[in-house]
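Read off the chains here:
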Amino acid sequence: MALPPAIEQPNVYPLSWHAHTAKLEEVWDAAQREYWDPKKLDWASFDVSRYSWEEREAIAYWWTILSVFDASAPPVFAAALIKTYEAHEEDPVRRCFFSVTRDEQNHEQVCGLAITKLLEHADPLTYVPKTEIGRKAQRNAQWLYYNGARYWAGYKNAVPKYSLAVLFSSFLMGEIAAATIFHQMAAKCTEPVFKEAFRNIGRDEGRHMAICMQLMERDYPKMDLSDKPLITKQIRAGYLFLSGVLFEPPEDFWDIPADFVAFQREIEAVARKAGFHIPEYEAKKENWRSAMLNLKGVLDKYGIAFPAIPEVGITGQEVSDADMVDIIPVF
Ligand SMILES: [Fe+2]
Ligand SMILES: [Fe+2]
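Everything numeric here is computed off the predicted structure, so don't read it as measured data.

1. Overview of the overall build of the protein chain
Looking only at helices and strands, the protein chain has 10 helices and zero strands in total. Ordered by position from N to C terminus, the α and β elements of the protein chain give α-α-α-α-α-α-α-α-α-α. Since a compact globule built from 331 residues should have a radius of gyration of about 20 Å, the 20 Å found for the protein chain is in line with a globular shape. A total of 331 residues make up the protein chain; the buried ones form 43% of that total. For the protein chain, restricting intrachain contacts to residue pairs at least 6 apart in sequence, the fraction spanning at least 24 positions comes to 80%.

Listed below in structure tokens is the structure:
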């Protein structure tokens, strides 16, 4: 009855199906029930010919900004899913991360379907713009994409370095941001297929938030104290990174040309006039501020210092060295 030698850890797969966190089982059941297929949304009702080329390019630009975040989400969560296996996480945690990965793939598909329909081309970077607005949109899209690539390099570097506990707060930050934006977009959007998509995506993001909250509730009371300052720093970096989609990309963090924001404002005004509701500057700022205060409320409970976010009027701990090289926040 000789046994094999001890297995070196982390061994990628647990041979066990322990379940301790009942709430996560409920989230998984909801994910199964609420699963939806982007292809089955009512795309037939979306008549692009009702819009001018300027409007189409402007609306496609918003979807392009979104996809810079959403198209990175499937690989980001796939990496986190692998980490839950390496950490031999309980079975419902593994399934919840699997559901997030699957949902994010759906969100990416929606970006692709919207852009392809609007531009009659499946790629906003190689598309040949038809108007000056389209040319400005494409120039900005190139810069967003360039910065997104920098983010992925940072993420890959960060994932093995940090515990799942640190990762969860960064994920929660992304999920709060996502839930905020989709709620806003769904509320005032006039195009039925987009409205339906935003509603479904927003519901998914709500579940993702619940997963992060449950895990924080489970792990944070016994958290390693040295992880706390790391979380504060990650939240500041997350604010800067996600401002690219929720607010305006700050130049000290995002590598973008000086006229980037002016171009973006001009493009957004065209989309807005066409009935595609993108919040105005002040509304974006207020929404982003309340999302941050929401997150602050969660972190306060666990005695984790919140970073100062003077951009939206939140005081807190000064973080000066937030850098793209090792940020985790995801969308
Ligand atoms: Fe998403
Ligand atoms: Fe999400």
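2. Some details on helix α2 (residues 53-70)
If you check α2, its first and last C-alpha atoms are 25 Å apart, about what 18 residues at 1.5 Å a residue would give, namely 26 Å. Of all the 18 residues making up α2, 16 are buried; the element is thus mostly covered by neighbouring parts of the structure.

3. Concerning the nonpolar core
Judged by nonpolar contacts, the single largest core of 87 residues is most densely connected at Trp62, Leu172 and Leu295. Of all the elements, helix α6 (residues 164-188) adds the most residues to this core, at 14 residues. Residues in contact with Leu295, not counting those within four places in the same chain, are Leu172, Met173, Ile176 and Ile235.

4. Details of the packing of α2 against helix α5 (residues 132-158)
Between α2 and α5, the least distance of the axes is 9 Å, while the angle of their chain directions is 5 degrees. Regarding the angle of α2 to α5, the classification is roughly parallel. Each of Glu54, Glu57, Ala58, Tyr61, Thr64, Ile65 and Val68 in α2 lies in contact with α5, whose residues at this interface are Ile133, Gly134, Ala137, Ala141, Leu144, Tyr145 and Gly148. When its residues are assigned to classes, the contact of α2 with α5 shows nine nonpolar, three polar and two charged.

5. Focus: the packing of α6 against helix α7 (residues 192-219)
With their axes 8 Å apart at the nearest point, α6 and α7 run at an angle of 155 degrees to one another. For the element pair α6 / α7, the angle class is roughly antiparallel. Considering how the two elements wind past one another, α6 and α7 form a crossing that is left-handed. Across the contact of α6 with α7, the residue classes break down as 17 nonpolar, five polar and five charged.

6. Considering the environment of Phe276
By the element assignment, Phe276 lies in the loop between α9 (260-273) and α10 (281-301). Between the alpha carbons of Phe276 and Lys188 there is a distance of 8.1 Å; along the sequence they are 88 residues apart. Apart from the residues within four sequence positions on either side, Phe276 is in contact with Ile59, Trp62, Cys189 and Ala271.

7. What about the environment of Asp227?
Relative to the elements of secondary structure, Asp227 occurs in helix α8 (residues 227-246). A residue is classified by how many C-beta atoms lie within 10 Å of it, and Asp227, with 17 of them, is partly exposed. Residues Asp227 and Val166, spaced 61 residues apart in sequence, show a C-alpha to C-alpha distance of 6.6 Å. For Asp227, the contacting residues outside a window of four places in its chain are Ser163, Ala165 and Val166.

8. A few points about the environment of Cys189
Along the chain, Cys189 falls in the loop between α6 and α7. What makes Cys189 partly exposed here is the crowd of 19 C-beta atoms within 10 Å. Each C-alpha atom of the pair Cys189 and Val48 lies 15 Å from the other, and the pair is 141 residues apart in sequence. In contact with Cys189, not counting residues within four places along its chain, are Phe194, Lys195, Phe198, Phe276 and His277.

What counts and how
Residues numbered from 1 in each chain as written. Chains lettered and ligands numbered in written order. Predicted model: local features only at pLDDT ≥ 70, side-chain atom pairs only at ≥ 80, totals over all residues. Helix = DSSP H or I, 4+ residues; strand = E, 2+ residues; numbered from the N terminus. Rg over C-alpha atoms; globule rule 2.2 N^0.38 Å. Buried ≥ 20, exposed ≤ 12 C-beta atoms within 10 Å, placed from the backbone. Contact = placed C-beta atoms within 7 Å. Expected span 1.5 Å × (residues − 1). Core = buried A, V, L, I, M, F, W, Y, C linked by C-beta atoms within 7 Å. Axes fitted to C-alpha atoms, helices over the stretch in contact; angles between N-to-C directions. Parallel < 35°, antiparallel > 145°, perpendicular 65-115°, else oblique. Nonpolar A, V, L, I, M, F, W, Y, C, P; charged D, E, K, R; others polar. Left-handed = near helix turned anticlockwise from the far one by under 90°.

These figures come from the coordinates and say nothing about function on their own.
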